[in-house]
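Secondary and tertiary structure notes
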Amino acid sequence: MLVLENIRAGIEDKEILKGINLEIPEGEVHVIMGRNGSGKSTLANVIAGNEAFEISSGSIHLNNVDITEMSIENRSLQGIFLCFQYPVSIPGVSMAYFLQQAINAHRKNQGLDDIDAVEFLKNSKEILGELQLDNSFLKRSVNEGFSGGEKKKSEILQLLTLNPKLAVLDETDSGLDVEALRIVASGVNKFRNKGNSVLIITHYQRLLDYIQPDVVHIMIDGKIIKTGDMELVKEIEEKGYSWLEE
Amino acid sequence: MIDKNQIIIDKTLDQEYKYGFSTDIEQYKFPPGLDENVIKKLSEIKEEPQWLLDWRLKAYKNWQKMTEPKWANITYDPIDYQSLSYYAAPKRKSNKSLDDVDPEILETYNKLGISLNEQKRLEGVAVDAVFDSVSVATTFKKELSKHGVIFCSFSEAVKNHPDIVKKYLGSVIPYTDNYFAALNSAVFSDGSFVYIPKGVRCPLELSTYFRINATNTGQFERTLIIADEGSYVSYLEGCTAPMRDENQLHAACVELVALEGATIKYSTIQNWFSGDKNGRGGIYNFVTKRGICEGDNSTISWTQVETGSSITWKYPSVIMKGNNSVGEFYSVAVTKNKQQADTGTKMIHMGKNTKSTIISKGISAGEGQNTYRGGVKILKNASNARNFSQCDSILIGNKCGAHTFPYIDVQNPTAKMEHEATTSSIGEDQLFYCNQRGINLDDAVSMIVNGFCKEVFEHLPMEFAVEAKQLIEVTLENSVG
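The present account deals with the structure reproduced in this document. Just so you know, these numbers come straight off a predicted model, no measurement behind them. (Residues numbered from 1 in each chain as written. Chains lettered and ligands numbered in written order. Predicted model: local features only at pLDDT ≥ 70, side-chain atom pairs only at ≥ 80, totals over all residues. Heavy atoms only, no water.)

Turning our eyes to something else, we now look at the nonpolar core. Residues A:Leu2, A:Leu4, A:Ile47, A:Phe98, A:Ile200, A:Ile218 and B:Ile363 are the most contacted members of the largest nonpolar core, which totals 114 residues. Looking at which element gives the most residues to this core, the answer is helix α10 (residues 441-457) of chain B, with ten residues. Those residues in contact with A:Ile218 that sit more than four places away from it in its chain are A:Met33, A:Lys223, A:Ile224, A:Ile225, A:Lys226, A:Leu232, A:Ile236, A:Tyr241 and A:Leu244. (Core = buried A, V, L, I, M, F, W, Y, C linked by side-chain atoms within 4.5 Å. Buried < 20%, exposed > 50% of the residue type's maximum accessible area, 1.4 Å probe, protein only. Helix = DSSP H or I, 4+ residues; strand = E, 2+ residues; numbered from the N terminus. Contact = heavy atoms within 4.5 Å.)

Pasting the structure below:
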């Protein structure tokens, strides 16, 4: 599914990612853990194609297609979805309109006509119910005046609506109470299947109480320094990160 | 990123203006120049009564003593008023039956998407079409007259309803008001006239479509709308002009009078030619628009979408004389290339419990300069007056500018005033968010800008809200920054 080879990237002269190698096969959930400032969010942005970061070497492949130079929207159309840590608001644009624009961009790319309004509403209401959001949520402006929980639920709503091949969750567990965390996690579990992949970026294990990862990576100073399974998460919880640095 | 945006912006500036064609018809035109004889000749052609000629001449004398205002935040080459022609009309005489209108002109309006054929026209909209200096056709007249509504060209109103015209002409905008209003009063050639009788809710949207075609001609139209007690009217004006290398002057006056309990909604979609990317050509749009809420419980609401003209100088205002009267101003102004807009409103509170709302949205792209200038005045006797003002600006690219000049004068201590202002750029983060969902740059920009304008578009009649939205999309295509 996703293959990163020796990715070096940063902003201006500052190198943040210092040679990342990562392979996420179809059907697997991977976790990247690390302290603040270790480069985790940069990695998420580089995968999504954020042009604020410059890639100096290496390559990114999605399903054997080289996407290293691909535009942000084409990566999205190829199946990459980023759950934003801090989703921005777009005043005056309703969630319903925004979602339809996004769906139709994907449908157009697949040679399909725009989604039927009735079908759109039916699908959306189903997902809103699962996320315990009211139907009126669709009428609100994108992320405007949303609580922390609503912002993250809105991201999951979009994830389930667009049903991408790869979901990158950037600190999706931050700022959530236990109830919201449970709902968000169950949304991610609903998304998971044999044909897609998930990359979770976090510095806590709390989300991992609800979502079982297949592989766990530890990132320190722009490099993945250790890879393992849930046992590694427990070790980090007990001992922190210092024992991995020397 | 910056380089890429620059390329995209440059691409936009090369975009063609859709309405830039001109119509080749035989026309009758005054030679350039302005003096008393020109005004007398104009009045004579229009077979005007003596009182109107006298009024024009007084306005002209007054204008000669005035100087062009210099306070606006705009720069332009001096206008040579003697080089303009003050009257241009199609040669073929029209006595206002569609069969008599020059087919070339009908074709022009068809190309603009304005069918003057009643059957083909949008349901529920009556149109008065003004071509250069004269009104060429008014639709749905019979239907309207059933309700006692008068909707005709200004010239016809002078002939058929002289008492109403005499009573209200210049009552809201006297010819002494300002330089351009004085000029208009002296030389206005035509325009629209509306009278809604007592208690009548006008059954159709009324619309005037202004088209400048002739070269080196000033367009000076005058609109007068009177809503009698308890009546309601919604009125819309649209404007386009051919692409020409020289600047053309447009100096209009619009007067609105709302009597007790009446409501007037006046919407404008202004898309005059805005000049090319080097700022060559385009319309100089110096317009005076003002309404008076003469009676208690009356409402005047201005909504404008300003995308065209190389210079826009325009402040649709409301004088709230009646108690409990309401004044509203909703505006979207877009400037790109080298366009300059200095626009806003004046809300003058005279009556008790009067209430005004100002929502202004300025969008600047390219090297466009966008100024909001708004005055709120609460007079001594206007107890419990309220005003809410919100002025938001959005910048696209880094060569444009947004400016805000609010003036507030409160003479009554019970007044409540609120003013909010924001300026923002279309954020890289907003674009990244939209792109990440698969939405491309053009669609993302138009979505963000339309969201920004939503509060204004909501006040346009439905058919025109769609038109306005599309206009903004076309105007800003490829203008990401």
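Because each turn of an α-helix spans 3.6 residues, side chains separated by three or four positions end up pointing in the same direction. Among the nine residues that make up helix α1 (residues 40-48) of chain A, eight are buried, leaving the element largely enclosed by the rest of the structure. Among the residues of α1(A), A:Lys40, A:Thr42, A:Leu43, A:Ala44, A:Asn45, A:Val46, A:Ile47 and A:Ala48 are the ones counted as buried.

Now for the interface of chain B and chain A. Counting from both sides, the interface comprises 21 residues of chain B and, opposite them, 31 residues of chain A. Taken together, both faces of the contact between chain B and chain A bury some 2,100 Å²; the carbon and sulfur share is 64%. With its nearest N and O atoms 2.6 Å apart, the salt bridge here joins A:Glu155 to B:Arg437. Along the contact surface separating chain B from chain A lie twelve residue pairs in polar contact (both at pLDDT 80 or more). Listed by contribution, the elements that provide at least two residues to the side of chain B that touches chain A are α9 (428-436) and α10 of chain B. Among the residues making up the side of chain B that touches chain A, the classes are represented as nine nonpolar, six polar and six charged. (Buried area = accessible area lost by both parts, 1.4 Å probe. Salt bridge = Lys/Arg side-chain N within 4 Å of Asp/Glu carboxyl O. Polar contact = N/O pair within 3.5 Å; in protein donor to acceptor, adjacent residues only side chain to side chain. Nonpolar A, V, L, I, M, F, W, Y, C, P; charged D, E, K, R; others polar.)

A few words on the packing of helix α2 (residues 36-45) of chain B against helix α3 (residues 50-65) of chain B. Axis angle and axis distance: for two packed helices, these are the angle between their axes and the distance between the axes, and together they describe the pair. Residues and elements named next belong to chain B. Their axes nearest at 10 Å, the elements α2 and α3 cross at an angle of 155 degrees. Accordingly, the angle class assigned to the pair α2 and α3 is roughly antiparallel. The handedness of the crossing between α2 and α3 comes out as right-handed. Listed contacts from α3 to Glu 36, Ile 39, Lys 40, Leu 42 and Ser 43 of α2 are Leu 53, Arg 56, Leu 57, Tyr 60 and Lys 61. (Axes fitted to C-alpha atoms, helices over the stretch in contact; angles between N-to-C directions. Parallel < 35°, antiparallel > 145°, perpendicular 65-115°, else oblique. Left-handed = near helix turned anticlockwise from the far one by under 90°.)

Residues and elements named next belong to chain B. Enumeration over the complete set of coordinates arrives at five cavities of 30 Å³ or more. In terms of lining, the largest cavity is formed by 15 residues, of which the most central are Ser 360, Gly 362, Asn 370, Tyr 372 and Ser 393. When residues of the lining of the largest cavity are traced back to their parent elements, those giving at least two are β17 (326-335), β19 (355-365), β20 (369-378), β21 (386-396) and β22 (401-410). Of the residues contributing to the lining of the largest cavity, the split by class is four nonpolar, nine polar and two charged. (1 Å grid on protein atoms, 1.4 Å probe; cavity = no way out; pocket = protein on both sides within 12 Å on 5 of 7 lines; lining within 4 Å. Points joined across faces, edges and corners; volume = space filled by probe spheres on them.)

All right, on to the packing of aromatic side chains then. Here the structure, examined in full by the defined rule, presents 24 aromatic pairs over all chains. Aromatic side chains A:Phe98 and B:Tyr433 sit 5.6 Å apart centroid to centroid with 15 degrees between the ring planes, which places their arrangement in the stacked category. Taken together, the positions of A:Phe98 in helix α3 (residues 95-109) and B:Tyr433 in helix α9 put the pair across two chains. For the pair A:Phe98 and B:Tyr433, a shared accessibility class is recorded, and that class is buried. Ring geometry for B:Tyr284 against B:Phe286: centres 6.4 Å apart, planes inclined by 85 degrees, an arrangement best described as edge-to-face. Each of the two residues, B:Tyr284 as well as B:Phe286, counts as buried. An aromatic cluster of at least three residues, connected via ring pairs, comprises B:Tyr60, B:Trp63, B:Trp71, B:Tyr76, B:Tyr81, B:Tyr179, B:Phe180, B:Tyr284, B:Phe286, B:Trp313 and B:Tyr315. The ring of B:Phe30 has B:Lys41 sitting right over it, with the charged end atom 4.8 Å from the ring centre. Just above the ring of B:Phe188 sits the side chain of B:Arg222; from NZ or CZ to the centre is 5.8 Å. (Phe/Tyr/Trp six-rings, centres within 6.5 Å; stacked < 30°, edge-to-face > 60°. Lys NZ or Arg CZ within 6 Å of the ring centre and 35° of its normal.)

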